[in-house]
Amino acid sequence: QVQLVESGGGLVQPGGSLRLSCAASGFTFSNYALRWYRQVPGKGRDLVASINSAGGSVIFADSVKGRFTLSRDDAKNTAYLQMNSLRPEDTAMYYCSVVYGLQNVWGQGTQVTVSS
C-alpha cells in the first residue's frame, strides 16, 4: 500500500511559523521527487514547492520564496515544509504528492490557518 500522510498544520498568527511533515510508506521514498501543493475552497491545487529525489534541487512558488524551506529525510521516509513569516494569504489545505508509476499519490492534507 502506497501512502502519504501530512501533519503539522494548525492555527498561527501572521508572522508566525509552522513546520509541516509528509510521512511516506509502501514505496522507496528516496527514489521519488516530492511536491507540496495548497488549495483553498473552490480553487485548484497550486504548486508551492518541489524537491528532487537527491534533495539538491528545490524550487518555490514566487509567493513563498524567502519564507518557506523544503527538505527531506530519506532515512525517516519524511519530507518537511518549514513555513516562516506566514501571511493570511497562506491559509489553505496543504498536500504533499509524488508521482508513483502511473498515479499521483496524495496525502489527506493538513489545514493551515493564518489569522490574528
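Above: the structure in question.
Since the model is a prediction, treat every value here as computed from it, not as a measurement. (Residues numbered from 1 in each chain as written. Predicted model: local features only at pLDDT ≥ 70, side-chain atom pairs only at ≥ 80, totals over all residues. Heavy atoms only, no water.)

A.B. asks: Looking at this structure, I do not really get the sheet that holds strand S7 (residues 68-73). What am I missing?
C.D. replies: Backbone-to-backbone hydrogen bonds pair the strands of a sheet. The strands run either parallel or antiparallel. The four strands are arranged S1-S3-S8-S7 in an open sheet whose pairing can be described as antiparallel. Among the strands making up the open sheet, the edge pair consists of strand S1 (3-7) and S7. Between one strand and the next, the sheet's axes are offset by a mean angle of 15 degrees, whatever the strand orientation. Of the pairings in the sheet, the one linking S1 to strand S3 (residues 18-25) comprises five bridges and is antiparallel in character. Bridge pairing in S3 links Leu-4 to Ala-24. (Pairing = 2+ DSSP bridges. Helix = DSSP H or I, 4+ residues; strand = E, 2+ residues; numbered from the N terminus. Axes fitted to C-alpha atoms, helices over the stretch in contact; angles between N-to-C directions.)

A.B. asks: How do you make sense of the environment of Ser-71 when you look at a structure like this?
C.D. replies: Inspection of the secondary structure assignment puts Ser-71 in strand S7. In the structure, Ser-71 is positioned 27 residues away from Gly-44 in sequence and 24 Å away in space, judged by C-alpha atoms. When residues no more than four places from it in sequence are discounted, the contact partners of Ser-71 are Ile-51, Ala-79 and Tyr-80. (Contact = heavy atoms within 4.5 Å.)

A.B. asks: I would appreciate a short explanation of the pattern of salt bridges in the present structure.
C.D. replies: Applying the stated criterion across every chain yields a total of four salt bridges. Residue Lys-65 is joined to Asp-62 by a salt bridge in which the shortest nitrogen-to-oxygen separation is 3.0 Å. Overall, Asp-62 belongs to the exposed group, its relative accessible area being 66%. Across the pair Asp-90 and Arg-67 runs a salt bridge, and its minimum N-O distance is 2.8 Å. (Salt bridge = Lys/Arg side-chain N within 4 Å of Asp/Glu carboxyl O. Buried < 20%, exposed > 50% of the residue type's maximum accessible area, 1.4 Å probe, protein only.)

A.B. asks: What's the story with the packing of aromatic side chains in this structure? I'm lost.
C.D. replies: For any pair of aromatic rings, the description rests on two quantities: the centre-to-centre distance and the angle between the ring planes. For the coordinates displayed, the defined rule picks out six aromatic pairs. Seen from their ring centres, Phe-27 and Tyr-32 are 5.5 Å apart, and the 80 degrees between their planes marks the pair as edge-to-face. With a relative accessible area of 22%, Tyr-32 lands in the partly exposed category. Taken together, a centroid distance of 6.2 Å and an interplanar angle of 90 degrees make the contact between Tyr-95 and Trp-106 edge-to-face. Linking Tyr-95 in strand S9 (residues 92-100) with Trp-106 in strand S10 (residues 103-106), this pair joins segments that are 11 residues apart in sequence. Assessed through its relative accessible area of 10%, Tyr-95 is described here as buried. When its relative accessible area of 31% is taken as the criterion, Trp-106 is described as partly exposed. (Phe/Tyr/Trp six-rings, centres within 6.5 Å; stacked < 30°, edge-to-face > 60°.)

A.B. asks: Looking at this structure, how should I read the pairing of S10?
C.D. replies: For a regular strand, side chains alternate in direction, first toward one face of the sheet and then toward the other. In terms of strand pairing, S9 meets S10 through four bridges, oriented antiparallel. Bridging from a neighbouring strand, Val-99 pairs with Asn-104 of S10. Turn length for the S9-S10 hairpin, with the two strands adjacent in sequence and antiparallel, is two residues, and the turn residue Gly-101 shows positive phi of about 60 degrees.

A.B. asks: What am I meant to see in the side chain of Arg-67 here?
C.D. replies: Tracing the backbone through its elements, the reader meets Arg-67 in the loop between strand S6 (58-60) and S7. What makes Arg-67 buried here is its relative accessible area of 7%.

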